Amino acid sequence: MISQPQSVADLQHNLELVRERIAATCERSGRDPQDVRLLPVSKTVPEEVLRNAVAAGVVMFGENKVQEVVRKSENLADTGVKWAVIGHLQTNKAKYVAELASEFQALDSVKVAAALHKRLQLAGRELDVFVQVNTSGEASKFGADPAAVPALLEQLAGYASLRVRGFMTMAANTDNSAEVAACFARLRGIRDSAVRDFGENVCGAELSMGMSGDFELAIAEGSTCVRVGSSIFGSRN
Ligand SMILES: *Cc1c(COP(=O)(O)O)cnc(C)c1O
C-alpha cells in the first residue's frame, strides 16, 4: 500500500504509476488507453491534499458521501474541479447532487431518478448518470438487479434531465480474480444488450468498473472508467 502523498510531486508520481498500469493493461488487451478514463476517488482525503491533486492535473474527483462532497465542493470551489458522486443516494439528498455534481454513478432506482429529475429541473441543470448494477449478488452491495435493468432504462428515458452515459458496478469482494472478472464481464453483457435493445443514445455505452485492487481485470473486460482511490491517495485505514 502506498503512503500518503505529501506534495504535488508525490501526487504526480502516484497518478503516473496508475496511468502506466492502465496503459500497460490496455496494451495487453489491445485497447487504446485514451478509451479508459481515470477517476481519482478522494473520499476521506482532506482538502489540502485535493488541492495538490488539482495542481497535479486532476480535473474531477469521485466522492461517495453527499455530506463530504458538499463540504469539499464549497472549500475547493475556486479550483473549478468537478465532482462525480459514486455512492448510493438517498432521495432526501438528491438536491445536493443535482446542484453540485457533474456526474452521478450510482443510479439504481426510479425513485432516485425521479428525485434527481425534480431537483435538476429546479436548478436548470442536466446530469450525466450511470446505472449502478449489482453484478456480484452480494446483499451488502447497492445497485439494480441485472434483471431489472431494462425496465429501469425504459423509465429513465422519461427523465430528460438525466443523460444516461452507461453502467457502473463494484465487483465481488473476493481474492478470486475469476469471480471478479465475471462481475465485470456481466456488466459488459448488460451494456451490450442495452445498446442493442435501446440504442446508445438512450443508455450510453460507458462501463465504470475497476478500483485500486481490480482495475486491471476491469480494463481487460472493457472498462471505460476506473475509479481509483487508495493507489493514488494512500490507504484510508
Ligand atoms: C472507495 C471507492 C472506490 C475506490 O476504491 P479504492 O480501492 O480506494 O481504489 C471506487 N468506487 C467506489 C464506489 C468507492 O466507494
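Source: prediction; values computed, not measured. (Residues numbered from 1 in each chain as written. Predicted model: local features only at pLDDT ≥ 70, side-chain atom pairs only at ≥ 80, totals over all residues. Heavy atoms only, no water.)

Visitor: Describe the environment of glycine 143, and please don't skip the residues or the numbers.
Guide: Here glycine 143 shows up in the loop between strand S5 (127–132) and helix H6 (149–156). As for glycine 143 and aspartate 108, which are separated by 35 residues in sequence, their C-alpha atoms are 5.1 Å apart. Residues in contact with glycine 143, not counting those within four places in the same chain, are Asp108, Gln132, Val133 and Asn134. (Helix = DSSP H or I, 4+ residues; strand = E, 2+ residues; numbered from the N terminus. Contact = heavy atoms within 4.5 Å.)

Visitor: Explain the site of the ligand to me, and be specific about the residues and the numbers.
Guide: Neighbouring the ligand are Val41, Lys43, Asn64, Ile86, Met170, Met211, Ser212, Arg227, Val228, Gly229, Ser230 and Arg236. In this structure, serine 212 approaches the ligand through a side-chain N or O atom, which is 2.5 Å from an oxygen atom. A distance of 2.9 Å separates a nitrogen atom of the ligand from a polar atom in the side chain of arginine 227. For the ligand, whose unbound accessible area comes to 390 Å², protein coverage reaches 92%. The pocket occupied by the ligand, as judged from atoms lying within 2 Å of grid points, is the largest pocket. A per-class count over the shell around the ligand returns five nonpolar, four polar and three charged. (Near = heavy atom within 4 Å. Polar contact = N/O pair within 3.5 Å; in protein donor to acceptor, adjacent residues only side chain to side chain. Areas by Shrake-Rupley, 256 points an atom, 1.4 Å probe, with all protein chains shown as cover. 1 Å grid on protein atoms, 1.4 Å probe; cavity = no way out; pocket = protein on both sides within 12 Å on 5 of 7 lines; lining within 4 Å. Sits in = over half its atoms within 2 Å of the grid points. Nonpolar A, V, L, I, M, F, W, Y, C, P; charged D, E, K, R; others polar.)

Visitor: Lay out the layout of surface pockets with the relevant residues and their values.
Guide: Each pocket or cavity is described by its volume, and for the largest pocket that value is around 840 Å³. Forming the boundary of the largest pocket are 37 residues, of which Lys43, Asn64, Met170, Met211 and Arg236 lie nearest the centre. Elements with a minimum of two residues in the lining of the largest pocket: helix H3 (66–75), helix H7 (177–198) and strand S8 (225–228). Of the residues assigned to the lining of the largest pocket, the class counts are 14 nonpolar, 15 polar and eight charged. Taken as a whole, the second largest pocket encloses approximately 220 Å³ of empty space. Along its surface, the second largest pocket is lined by 13 residues, and Arg19, Arg37, Leu38, Leu39 and Pro40 are the ones closest to its centre. The set of elements that each furnish at least two residues to the lining of the second largest pocket consists of helix H1 (8–29) and strand S1 (37–40). The leading source of residues in the lining of the second largest pocket is S1, at four residues. Considering only residue class, the lining of the second largest pocket consists of ten nonpolar, one polar and two charged. (Points joined across faces, edges and corners; volume = space filled by probe spheres on them.)

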